[in-house]
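Survey of secondary and tertiary structure
Listed here are the chains, written in short residue letters.
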Amino acid sequence: MIELTKLPFEKNALEPFISTQTIEYHYGKHHTGYVNKLNELIKGCKFDEMSLSSIIRDSDGAIFNNAAQVFNHSFYWSSLSPTKTKPSKKLNEKIIYDFGSLDKLKEEFIKAGVTLFGSGWVWLCREPKGMLVLKQTSNADTPLASNLLPLFVCDVWEHAYYLDYKNLRQKYLEEFWEHINWNFASEAYEKTDTHVFIGIEACNDIHDPFCQVLDELQNQDRVTS
């Protein structure tokens, strides 16, 4: 059974960037709905005893879509901070090396979010050989399916911002940038800061550095859906 991850902040903590109403709708309806639907779909089958990352890796169709959305949303909440943060020295140096500057990364991030057609996600990821890249994924797709290590993600489905920004996606993206949880992103980066990290495997695999990050995300205080 997959459980609903508890929000890492109070529902009103992100105002006015994201309203309490949006959080209640987004977390309370959408995220919760994916958890409930996933548990309904996997009940009594082989996926029922598997970790979320294993389900994502081994499934397709409706089970994959709901499992990936559960992970994507959990990662999105962890990517947000009510207070201003900044990348660690090590991550900032890597951003400068791969993008030229933090401002350049911001520019490319906003462009990626604005140009993503339809619903989806914009991720800062680390490739298996170490390079940082921005990745657009559509609908329920997730970097876990591509052996990429996500550091932060922005949800650009309309339900993430429409109540607060209407059709002004770029404004939402600009505000998101000011609320990135760089502490979380830096921790994810530094825990896997090797020359080559091993591709995504099932959680609890000691040879998979990303599992350390995913396990911490999964083992936060939870609320049963």
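Going by the structure above, here's the rest.
Residues numbered from 1 in each chain as written. Predicted model: local features only at pLDDT ≥ 70, side-chain atom pairs only at ≥ 80, totals over all residues. Heavy atoms only, no water.

Turning our eyes to something else, we now look at the overall build of the protein chain. If you tally the helices and strands in the protein chain, you get nine helices and five strands. Looking at the 225 residues of the protein chain, the share that counts as buried comes to 52%. When contacts within the protein chain are restricted to residue pairs at least 6 apart in sequence, those whose partners lie at least 24 apart make up 69%. Total accessible area on the protein chain is roughly 10600 Å²; 49% of this is exposed by carbon and sulfur atoms. (Helix = DSSP H or I, 4+ residues; strand = E, 2+ residues; numbered from the N terminus. Buried < 20%, exposed > 50% of the residue type's maximum accessible area, 1.4 Å probe, protein only. Contact = heavy atoms within 4.5 Å. Areas by Shrake-Rupley, 256 points an atom, 1.4 Å probe, with all protein chains shown as cover.)

Within the fold, Pro-143 resides in the loop between β3 (132-138) and β4 (149-155). Residue Pro-143 is classed as buried on the basis of its relative accessible area, which comes to 0%. In this structure the C-alpha to C-alpha distance between Pro-143 and Ala-68, which are 75 residues apart in sequence, comes to 9.4 Å. Look past the residues within four positions of Pro-143 in its chain and what remains in contact with it is Trp-123, Cys-125, Leu-148 and Pro-150.

The subject of this paragraph is the pattern of salt bridges. All chains considered together, the criterion is met by seven salt bridges. Among the salt bridges present, the one from Lys-89 reaches Glu-93, with a minimum N-O distance of 2.7 Å. Of this pair, Lys-89 and Glu-93 both sit in helix α4 (residues 89-99), four residues apart, roughly one helical turn. Where Asp-98 meets Lys-94, a salt bridge forms, and the shortest distance between an N and an O atom there is 3.2 Å. Pair noted here: Asp-98 and Lys-94 are both in helix α4, with a separation of four residues, about one helical turn. Across this residue pair, the class does not change: Asp-98 and Lys-94 are buried. Through salt bridges with shared partners, one network takes in Lys-84, Lys-106 and Glu-178. (Salt bridge = Lys/Arg side-chain N within 4 Å of Asp/Glu carboxyl O.)

Within the secondary structure, Asn-147 is located in the loop between β3 and β4. Using a relative accessible area of 34% as the deciding quantity, one classes Asn-147 as partly exposed. For the pair Asn-147 and Arg-126, spaced 21 residues apart in sequence, the C-alpha to C-alpha distance is 9.3 Å.

With that settled, consider the pairing of β3. Pairing analysis gives seven bridges linking strand β2 (residues 120-126) to β3, with the strands arranged antiparallel. Bridged to Cys-125 within β3 is Val-133. Where β2 folds back onto β3 in an antiparallel hairpin, the turn is made up of five residues, including Gly-130, whose phi is positive at roughly 110 degrees. (Pairing = 2+ DSSP bridges.)

With that settled, consider the side chain of Asp-98. Assessed through its relative accessible area of 18%, Asp-98 is described here as buried. Look past the residues within four positions of Asp-98 in its chain and what remains in contact with it is Gly-130, Met-131 and Leu-132.

In spatial order, the strands read β3-β2-β4; together these three strands make up an open sheet with antiparallel pairing. One side of each edge strand has no neighbouring strand; the edge strands of this open sheet are β3 and β4. Sheet twist, expressed as the average angle between the axes of neighbouring strands with direction ignored, equals 25 degrees. Against the sheet, α4 engages β2, β3 and β4, with an angle of about 80 degrees to β3. (Axes fitted to C-alpha atoms, helices over the stretch in contact; angles between N-to-C directions.)

Here we come to the pairing of β2. Burial runs high along β2: seven of the seven residues are buried. Here β2 shows two buried faces, one formed by Gly-120, Val-122, Leu-124 and Arg-126 and the other by Trp-121, Trp-123 and Cys-125. Note that β2 and β4 share six bridges and pair antiparallel. Along β4, the bridge assignment pairs Trp-123 with Val-153.

Attention shifts here to unusual backbone geometry. Here the residue pair Glu-15 and Pro-16 is connected by a cis peptide bond, since its omega of 5 degrees sits within 30 degrees of zero. Looking at the element boundaries, Pro-16 is found in the loop between β1 (4-5) and α1 (20-42). Unlike most non-glycine residues, Asn-139 shows phi in positive territory, near 55 degrees. Here Asn-139 shows up in the loop between β3 and β4. Of note, Lys-166 is a non-glycine position whose phi angle comes to about 55 degrees, a positive value. Tracing the chain through its elements places Lys-166 in the loop between α6 (162-165) and α7 (169-177).

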